[in-house]
There are 2 protein chains.
Amino acid sequence: MSLNGIFPIDRWNFTTHSVLSVLSDQEMALLTRHVTEQRLFKGDVIFREGAVPSGIFVVRSGRVKKYKVDQTGREQIIYLAGPGELMGYHPVLSGERYADSAAAMEETMVSFIPKEDFMDMLARSPVFALRLLKAMSHEFTVLTNTISVIAQRTGPERLAIALIVLREKFKYGLNDHDAIPINISRADLANMAGLAEENVIRLLSEFKAEGILSTQGRKIIIKDIHLLVKRANYR
Amino acid sequence: MSLNGIFPIDRWNFTTHSVLSVLSDQEMALLTRHVTEQRLFKGDVIFREGAVPSGIFVVRSGRVKKYKVDQTGREQIIYLAGPGELMGYHPVLSGERYADSAAAMEETMVSFIPKEDFMDMLARSPVFALRLLKAMSHEFTVLTNTISVIAQRTGPERLAIALIVLREKFKYGLNDHDAIPINISRADLANMAGLAEENVIRLLSEFKAEGILSTQGRKIIIKDIHLLVKRANYR
DNA sequence: CAAAAAAACTGATATTTATCAGTTTTTGAT
DNA sequence: ATCAAAAACTGATAAATATCAGTTTTTTTG
């Protein structure tokens with residue numbers, strides 16, 4: 001079932017504009033001539049805030065969290081990247097260091113493209129540059145909405161929105177009628193919603209009592225998406 | 001006195017990469033051939049969330065807040081734009097609607113460039129496109145840091161950070177040794193720091209008691225920037 | 001498959017921040 | 001300069017959320 005029209009899911013989480021797809025086969029071959037593949041396991045760090053980038057990453061499979069760590073060690077998850085998404089190109093373009101860190105949330109495959117090849121393709125292909133501008137502009141909308149969610153929504157609303165986003169992120173590869181098991185630790189969920197872990201757990205059992213979801217161990221299954229959207233208090 | 005090295009002020013608030021400056025005189029003339037100037041007064045809305053953009057804006061003088069309004073009518077200020085900054089080009093590039101609203105915080109001059117002229121220049125000038133990519137990437141860092149401030153800092157820390165940013169934003173046109181009067185309503189300050197207005201006022205008098213600042217009516221003057229940076233708990 | 005480790009969960013309490021109902025001060029218009 | 005309106009400010013209270021100190025369940029590993 002699609003959420004279009006009910007909840008603007010695309011605005012909250014997806015980078016639907018496929019950036020690489022605008023390249024011709026020839027250009028693609030040029031861009032990926034020095035590409036390397038990496039298999040990552042849960043918790044593996046892909047890049048760390050403050051480090052100097054040497055290339056960009058493409059998520060091939062799995063899920064990656066982008067986050068910032070504060071003084072007390074708490075993580076705030078800023079974005080969740082899935083298959084097909086580009087990561088880590090902003091600091092390459094701006095000549096800065098990484099503004100956040102990225103880590104695999106499960107077994108994940110990523111491709112690494114050296115920054116020289118990326119910048120080279122950008123200079124060669126005006127279409128690619130324009131498409132990247134478009135994709136970044138969209139990401140901007142997503143980040144702006146993230147700010148408003150964190151700053152203006154209550155705890156229960158933030159959790160409900162995080163669950164709606166996660167459900168979409170975990171849909172990948174499943175049939176439409178399948179139940180979608182959201183496989184995420186309570187700690188990661190808390191860091192997404194900006195809540196203490198204990199409060200996430202308490203809210204989850206409230207949602208369960210309301211018939212919104214069920215749990216199987218750590219896995220969360222949304223039973224009534226409309227009720228969940230209502231709980232998110234979306235206007 | 002510069003804050004470089006003490007507090008990474010640029011990361012938090014400035015779009016220092018001047019986008020228009022890379023254009024030749026000829027290109028500039030082409031871009032600004034249909035430009036119109038507008039004089040705006042305090043509170044005047046420049047664009048509103050959800051509206052369809054028909055061009056981009058350049059702030060010439062004054063200060064503009066970019067914000068989102070929630071169900072209860074509360075504003076969260078996302079960014080504060082000053083002289084030289086481009087506004088409202090993201091939705092033009094992505095073909096979306098405005099993700100946030102913009103309003104003048106004081107008497108302000110803005111230029112309006114029709115989107116056709118902007119897109120035309122982008123197609124004509126690869127240097128311009130690359131520069132825009134660079135500027136947007138930097139903005140990304142700023143937004144990412146905004147998220148971490150809102151999500152991970154305490155109320156007093158958020159207020160201290162807002163004041164540091166505001167002090168820089170109000171520096172424009174003053175001599176280095178001048179006191180910088182931050183002229184902002186308590187309501188706007190609260191909406192920047194993500195606090196209730198009453199708590200901002202209480203915190204301001206705490207800061208005053210600590211010798212960090214003084215007030216003259218609504219105007220705030222930072223007396224000890226090092227103490228303020230300390231209060232922001234920056235590492 | 002049993003033991004150990006990790007994660008999920010619970011209840012009580014503390015802390016932070018917002019809300020409400022005002023009073024006082026400042027600002028802007030005549 | 002005066003008055004009305006708006007903004008700044010104060011104190012008391014309420015609500016939301018975090019923290020602490022555990023117990024129970026689930027997952028992982030030898």
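Because the structure is predicted, anything quoted here is derived from the model rather than measured.

(A) Geometry of the protein's contact with DNA strand C. Around DNA strand C, the structure places 18 residues, and the nearest of them are Arg186 and Arg202 of chain A together with Glu198, Asn199 and Arg202 of chain B. Counted by atom, the contact set of DNA strand C within 4 Å of the protein is 53% sugar and phosphate. One of the side-chain nitrogen or oxygen atoms of Arg186 of chain A is found 2.8 Å away from a phosphate oxygen of DNA strand C. Between DNA strand C and Arg202 of chain B there is a distance of 2.9 Å, counted from a base oxygen to a side-chain nitrogen or oxygen. Of all the secondary structure elements, the ones that give two or more residues to the surface near DNA strand C are α8 (197-209) of chain A together with α6 (155-169) and α8 (197-209) of chain B.

(B) Broad picture of the domain arrangement of chain A. Residue and element names in this part refer to chain A. Looking at the assigned domains, one finds that chain A contains domain 1 (9-149) and domain 2 (154-232). Of note, the centres of domain 1 and domain 2, computed from C-alpha atoms alone, are 25 Å apart. Domain 1 puts 20 residues into the contact, and the matching count from domain 2 is 17 residues. Roughly 1500 Å² is buried in total at the junction of domain 1 and domain 2, and carbon and sulfur atoms are behind 62% of that figure. Scanning the region where domain 1 abuts domain 2 turns up 2 salt bridges.

(C) Summary view of the sheet that holds strand β3 (residues 55-61) of chain A. Residues and elements named next belong to chain A. What the 4 strands build is an open sheet, ordered β1-β8-β3-β6; its pairing is antiparallel. Two strands close off the open sheet at either side, each with one partner strand: β1 (36-40) and β6 (86-87). Note that β3 and β6 share 2 bridges and pair antiparallel. Paired with Val58 across the strands is Leu86, a residue of β6. In the packing of helix α4 (residues 115-124) onto the sheet, contacts are made with β3 and β8 (108-114), and the angle to β8 comes to roughly 70°.

(D) Region of the structure containing the pattern of salt bridges. All names here are of chain B. Under the defined criterion, the tally for this structure stands at 30 salt bridges over all chains. A salt bridge links Arg33 to Asp120; its shortest N-O distance comes to 3.6 Å. In this pair, Arg33 sits in the loop between α2 (25-31) and β1 (36-40) while Asp120 sits in helix α4 (residues 115-124), placing the two residues 87 residues apart along the sequence. Residue Asp120 is classed as partly exposed on the basis of its relative accessible area of 25%. Across the salt bridge formed by Arg231 and Glu210, the nearest N and O atoms sit 2.8 Å from each other. Separated by 21 residues along the polypeptide, Arg231 in helix α9 (residues 225-231) and Glu210 in the loop between α8 and β10 (213-216) bring together distant segments of the chain. Owing to a relative accessible area of 35%, Glu210 belongs among the partly exposed residues under this scheme.

(E) Inspection of the confidence of the model for chain A at higher detail. Taken residue by residue, chain A gives an average pLDDT of 92. The fraction at 70 or more is 98%. Scoring the predicted complex yields pTM 0.92 and, for the interface, ipTM 0.91.

(F) Representation of the sheet that holds strand β9 (residues 181-182) of chain A. Residues and elements named next belong to chain A. Strand order across the open sheet formed by 3 strands is β9-β11-β10, with antiparallel pairing between neighbours. Of all the strands in the sheet, the pair left with one neighbour each is β9 and β10 (213-216). Of the strands in this sheet, β10 and β11 (219-222) are in contact with α8, which crosses β10 at around 120°.

Reading guide: rules and limits
Residues numbered from 1 in each chain as written. Chains lettered and ligands numbered in written order. Predicted model: local features only at pLDDT ≥ 70, side-chain atom pairs only at ≥ 80, totals over all residues. Heavy atoms only, no water. Near = heavy atom within 4 Å. Polar contact = N/O pair within 3.5 Å; in protein donor to acceptor, adjacent residues only side chain to side chain. Helix = DSSP H or I, 4+ residues; strand = E, 2+ residues; numbered from the N terminus. Domains from an automatic or database assignment. Contact = heavy atoms within 4.5 Å. Buried area = accessible area lost by both parts, 1.4 Å probe. Salt bridge = Lys/Arg side-chain N within 4 Å of Asp/Glu carboxyl O. Pairing = 2+ DSSP bridges. Axes fitted to C-alpha atoms, helices over the stretch in contact; angles between N-to-C directions. Buried < 20%, exposed > 50% of the residue type's maximum accessible area, 1.4 Å probe, protein only. pLDDT = per-residue confidence, 0-100.

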